[in-house]
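Read off the chains here:
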Amino acid sequence: MIGGAPIVRPDFAAGNDLGEGIPPSKMLQDPPEREWMVEGCGVKGTVLLLSGDGKIGKSLIAMQLATCAVMGLPWLDLRVIPGKALVLACEDDSDELRRRQRAINRHYRVSMEDVIEGGLYLHPRVAREDNALMRPVYGQMQKQPLFDRLAVACRRLGIQYVIIDTAAQTFKGKQSDDQQVTDFMNLLRRLAVLIDGLVVLLRHPSWSGINEGSGRGGSMHWRNAARSMLYMHKDKALGLVLEGKASNYGEDQAPIQLSWSK
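First, a word on scope: everything that follows refers to the structure included in this document. What you see is a predicted model, and the numbers here were worked out from it, not measured in a lab. (Residues numbered from 1 in each chain as written. Predicted model: local features only at pLDDT ≥ 70, side-chain atom pairs only at ≥ 80, totals over all residues. Heavy atoms only, no water.)

What follows is about the pairing of strand E7 (residues 140-143). In this structure, strand E6 (residues 134-137) lies alongside E7, joined through four bridges in antiparallel fashion. The residue bridging Arg135 from the neighbouring strand is Gln142, located in E7. The hairpin formed by E6 and E7 contains two residues between the paired strands, and Tyr138 there has a positive phi angle of roughly 50 degrees. (Pairing = 2+ DSSP bridges. Helix = DSSP H or I, 4+ residues; strand = E, 2+ residues; numbered from the N terminus.)

One turn of the α-helix equals 3.6 residues, which is why residues spaced by three or four share an orientation. Counted at 1.5 Å a residue, the expected span for helix H3 (residues 94-108) with its 15 residues is 21 Å, and the 21 Å between its end C-alpha atoms agrees. Its buried side turned inward, H3 meets helix H2 (58-71), strand E4 (84-89), helix H4 (112-118) and strand E5 (120-124). Its side-chain oxygen placed 3.3 Å from the backbone nitrogen of Asp95, Asp93 serves as the N-cap of H3. In the stretch just after H3, Arg109 is the one whose phi turns positive, near 60 degrees. (Expected span 1.5 Å × (residues − 1). Contact = heavy atoms within 4.5 Å. Polar contact = N/O pair within 3.5 Å; in protein donor to acceptor, adjacent residues only side chain to side chain.)

Of all the seven residues making up strand E8 (residues 159-165), six are buried; the element is thus mostly covered by neighbouring parts of the structure. Taken together, the six bridges between E4 and E8 define a ladder with parallel strand orientation. The partner of Val87 across the bridge, within E8, is Ile163. Note that E8 and strand E9 (residues 198-203) share five bridges and pair parallel. Each residue of the ladder has a partner; that of Tyr161, found in E9, is Leu198. (Buried < 20%, exposed > 50% of the residue type's maximum accessible area, 1.4 Å probe, protein only.)

Turning our attention to the pattern of salt bridges. Tallying each qualifying case throughout the model produces eight salt bridges. Here Asp130 ties to Arg135 by a salt bridge, and the two come within 2.8 Å at their closest N and O atoms. A residue is classified by how much of its surface remains accessible, and Arg135, at 24% relative accessible area, is partly exposed. A salt bridge links Lys143 to Asp148, with the shortest nitrogen-to-oxygen separation between them at 2.8 Å. Connected via shared salt-bridge partners are Asp92, Glu96, Arg99 and Arg100. (Salt bridge = Lys/Arg side-chain N within 4 Å of Asp/Glu carboxyl O.)

The subject of this paragraph is the environment of Leu122. In this fold, Leu122 is placed in strand E5. For Leu122, a relative accessible area of 27% puts it in the partly exposed group. Distance from Leu122 to Arg98, taken between C-alpha atoms, is 8.9 Å for residues 24 residues apart in sequence. Once residues within four sequence positions are removed from consideration, Leu122 is found in contact with Met63, Val87, Leu97 and Gln101.

Below you can see the structure in the form of structure tokens.
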């Protein structure tokens, strides 16, 4: 008692569980080097945001990344850690995915048998009734059955790269709602940690994001919650480029000039 008033003390036995902390013995150890799944762009256990206007080639370049991952090849001259890859393609059908994959195979001089054996899984979901991975239910964002099926498939197949095409198809909240966007990005981060790999989310920028050259759109948390962001766009001086716009773990990726080839 102080002046007749009770002293308030914290109750460490109840309601104070913050989850597992870092033990002192581990704090004293040197941390391991950061593991880049894609050199300078995507760290293991994180989400990489790939932004770009419609029909600019995001889906194609993401499938090229998946192909390079399963074949152990560089992607746009960037080193890629080999691993199995799954593409959740919500905007293309089976025929289009196979046409695109055959063109990619010709470019890298590999066969369809090679990429299948390497662990490439293409899942067309165009025109499906519901591609939601997360949606608001009574005001709270909740993961949907498709997310659980995706997570189970990734663990069963040993997937380390997940390409989600696109945010518009799989996120059913408000694009400008900070909390809803954060909840969705946290869900994808948990998937990246679960597979010990990288989740790549494709997304369209807003008109202002295109005009100002930032690649942003909606809530700032799309960019902030992702550990890194790439923006595919047409530069007045360089033409078609892929440019780093945010990286929590290093310098932004310098613009990579791109060109179409048959």
